[in-house]
2 protein chains.
Amino acid sequence: MTRTRIAEEMSRLGLRATAQRVSVYEYLWNHRTHPTVDTIYEDLLPDNPSFSRTTVYNTLHALEKSGMIRSLSIESGEMHYDADPADHGHFLCTHCRTIYDFPISAESVAVPHGFESEQTDIFISGKCKNCKEKI
Amino acid sequence: MTRTRIAEEMSRLGLRATAQRVSVYEYLWNHRTHPTVDTIYEDLLPDNPSFSRTTVYNTLHALEKSGMIRSLSIESGEMHYDADPADHGHFLCTHCRTIYDFPISAESVAVPHGFESEQTDIFISGKCKNCKEKI
DNA sequence: TTGTTAGTTTGTAATGATTACAAGTTTATT
DNA sequence: AATAAACTTGTAATCATTACAAACTAACAA
């Protein structure tokens, strides 16, 4: 996704497409590892020396509110971020700490009658295929 | 559940059944509201003046490790605790902040082939029935 | 163009949940 | 009773996140 298209998408959602915001989203789009605020900040800093950690926080909150991205509290401690806001599950390997995406079926998310679901998080932790074979 | 039976269960799992630990578990057993560390601490303090917040943390970690309870990171910020370790979903009402339990079906937890699931968390947030009707 | 205003960025300081640690206490075992 | 291991407690540190205020930037009107 080009920076121009990212900027257009932000404008469409009523967000000012500042250089910093575009950079954060571009980073998330290109790094599907569900990075933390700190990883994003540290990786973007070399190319944007004036970058502030607070800007990363502000941007992520704005993007999440507008629905462009999704936050994952799959680990206690730090938040992770995902450029894909569509419904899918997340698997955290307790050995290598990798977070994997996986598809979920519609019936997975059946809430009780009368309840209105706004956001669904399916977090599973365990051993991933790689680690299971290596250990 | 009596304190004696709680103590027996702890011993069975290789945990020392101290008065403090039994109190924490007894509290969780009787309060199915998924309380936070601070709520547990504040509520138990009047009857146990020497109680320490650190003991609540230590106890909850020990109980979780042994499988007697479950921790929920359904809200960023504070951890919630649940006396029921069996698989079930949690619904957080974004209006009244109540956390509801709900049943989940077996197919909800289908991880990719080769992956080994150790823990499953299904968190849904939205408006609960009560709040939807009142608003 | 210039001025005005609202929105954004940035750095620093505060907050608040959690963990680290060490000294004291309790429990299980001999 | 003696000993060692486990547990409790209070205090101090840690660390992600938020609050805040000043500087900056973009949009828009006169």
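Residues numbered from 1 in each chain as written. Chains lettered and ligands numbered in written order. Predicted model: local features only at pLDDT ≥ 70, side-chain atom pairs only at ≥ 80, totals over all residues. Heavy atoms only, no water.

## Comments concerning the domain arrangement of chain A
Accessible area lost upon the coming together of the parts is a frequently used measure of interface size. Residues and elements named next belong to chain A. Cut-off, in case you're wondering: Where each domain starts and ends comes from a domain assignment, either automatic or drawn from a database. Two residues qualify as a contact provided that any one of their heavy atoms is within 4.5 Å of a heavy atom in the partner residue. In this description, buried area is defined as the sum, over both parts, of the accessible area (probe of 1.4 Å) that is lost when the two are combined. Note on definitions: salt bridges are taken to be side-chain nitrogens of Lys or Arg within 4 Å of carboxyl oxygens of Asp or Glu.
Here chain A is partitioned into domain 1 (3-82) and domain 2 (88-134). Put simply, the middle of domain 1 and the middle of domain 2, counted by C-alpha atoms, are 22 Å apart. At the junction of the two partners, domain 1 supplies 9 residues and domain 2 supplies 11 residues. For the pairing of domain 1 and domain 2, the buried interface totals around 910 Å² over both sides, and the portion due to carbon and sulfur atoms is 55%. Taken as a group, His-34, Arg-70 and Ile-74 account for 58% of the area that domain 1 buries against domain 2, more than any other trio of residues on that side. Inspection of the region where domain 1 meets domain 2 yields 2 salt bridges.

## Quick word on the pairing of strand E4 (residues 99-102) of chain B
Note the threshold: Criterion used throughout: strands pair if DSSP finds at least two bridges between them. Helix numbering and strand numbering both begin at the N terminus, where a helix is a DSSP run of H or I of at least 4 residues and a strand a DSSP run of E of at least 2.
By the bridge criterion, 4 bridges tie strand E3 (residues 89-93) of chain B to E4 of chain B in an arrangement that is antiparallel. Bridged to Leu-92 of chain B within E4 of chain B is Ile-99 of chain B.

## Let's talk about the relation of the copies chain B and chain A
The criterion, for reference: Least-squares superposition of the copies uses the C-alpha atoms of those residues scoring a pLDDT of at least 70 in each of them.
Aligned on chain A, chain B shows an RMSD of 0.0 Å; the corresponding rotation is 180 degrees and the shift along the axis is 0.0 Å. The relationship between the two copies is best expressed as a two-fold rotation axis. When you check the interface residues of chain B against chain A, 100% turn up at the interface there too, and the contact is symmetric in its surfaces.

## Some points on empty space enclosed by the protein
All names here are of chain B. To be explicit about the condition: Two kinds of site are reported from a 1 Å grid over the protein atoms alone, namely cavities, where a 1.4 Å probe fits but cannot get out, and pockets, open sets with protein on both sides within 12 Å along at least five of seven lines, and residues are called lining when an atom falls within 4 Å of a point. Grid points are joined across faces, edges and corners, and a volume is the space filled by probe spheres set on the points. Residue classes follow a fixed rule: Ala, Val, Leu, Ile, Met, Phe, Trp, Tyr, Cys and Pro count as nonpolar, while Asp, Glu, Lys and Arg count as charged, and any other residue, Gly among them, counts as polar.
Across all of its chains, the model carries 1 cavity of 30 Å³ or more by this definition. Each pocket or cavity is described by its volume, and for the largest cavity that value is around 30 Å³. Surrounding the largest cavity, Leu-28, His-31, Arg-32, Thr-33, His-34, Pro-35, Tyr-81, Asp-82, Ala-83 and Asp-101 form its lining. Split into classes, the residues belonging to the lining of the largest cavity amount to 4 nonpolar, 3 polar and 3 charged.

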